[in-house]
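Survey of secondary and tertiary structure
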Amino acid sequence: MPKLTADEMERFLAEREILMRIAVVREDGGPLVTPIWFLHENGAIHFTPRKRSEWFACLRRDPRAALCIDETDQPYRKVLIEGSAELLHDIGEDDAWRDLYRRIAERYTSPEGADAYIRNTINQPRGLYRVALETSKVTTWRMPVRGEAGEGIWHHRYYEEGAAFRNRIGGPR
């Protein structure tokens with residue numbers, strides 16, 4: 001099962017228009033998953049919930065979060081992160097991080113579109129969170145690329161006894 005190298009992960013997380021899904025824990029213990037915009041900078045994933053979003057309330061109560069950043073086209077890269085979300089700026093502190101907010105918006109639209117988005121949402125209070133990669137569990141995966149063996153694309157534990165790929169990758173580990 002090929003993992004992304006550190007450089008491959010950095011390049012992937014910097015690509016434009018890739019959404020992230022954040023999973024948080026509701027008050028009743030149930031999961032809540034929300035697709036959102038994000039920015040990877042300084043060894044952390046940054047994101048901005050609006051004041052009235054359910055997942056903002058969930059993070060205030062319980063900072064545990066799982067993040068899934070992946071793509072639908074080959075080589076099907078993915079980065080999975082399990083960690084604790086840190087509130088960097090609370091509601092009402094938007095002016096302190098407006099440049100970062102603009103950089104997030106520019107990942108998903110043009111610079112002009114980002115400016116318009118900010119103008120149109122400036123009165124929508126939001127917070128700024130980050131999940132530090134250094135203190136989180138980070139798992140990466142991708143399909144094999146040209147020149148790499150095509151077998152073993154799944155972790156060995158997924159292959160049943162007698163499966164052709166299991167036999168080629170050396171059985172249980």
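Shown above is the structure to which this text applies.
Here's a quick rundown of the structure. (Residues numbered from 1 in each chain as written. Predicted model: local features only at pLDDT ≥ 70, side-chain atom pairs only at ≥ 80, totals over all residues. Heavy atoms only, no water.)

1. Looking at the nonpolar core
- Judged by nonpolar contacts, the single largest core of 27 residues is most densely connected at Ile 22, Ile 45, Phe 47, Leu 59 and Ile 69.
- Listed by contribution, the elements that provide at least two residues to this core are helix H1 (6-14), strand E1 (20-25), strand E2 (31-36), strand E4 (44-47), helix H2 (54-61), strand E5 (64-70), strand E6 (78-84) and strand E8 (128-132).
- Broken down by element, the residue count for this core peaks at 4 residues, all from H2.
- Look past the residues within four positions of Ile 69 in its chain and what remains in contact with it is Phe 12, Leu 13, Ile 18, Leu 19, Met 20, Phe 38, Ile 45, Arg 77, Lys 78, Val 79 and Ile 81.
- If you look at the next biggest cluster of nonpolar residues, it comprises 7 residues, including Leu 100, Tyr 101, Ile 118 and Leu 128. (Core = buried A, V, L, I, M, F, W, Y, C linked by side-chain atoms within 4.5 Å. Buried < 20%, exposed > 50% of the residue type's maximum accessible area, 1.4 Å probe, protein only. Helix = DSSP H or I, 4+ residues; strand = E, 2+ residues; numbered from the N terminus. Contact = heavy atoms within 4.5 Å.)

2. Thoughts on the side chain of Asp 94
- One can find Asp 94 in the loop between strand E7 (86-89) and helix H3 (98-106).
- Arg 98 is the oppositely charged side chain nearest to the buried, salt-bridge-free Asp 94, at an N-O distance of 4.5 Å.
- What Asp 94 contacts, discounting residues up to four positions off in sequence, is Gln 124 and Arg 126. (Lys, Arg positive; Asp, Glu negative; His and termini not counted. Salt bridge = Lys/Arg side-chain N within 4 Å of Asp/Glu carboxyl O.)

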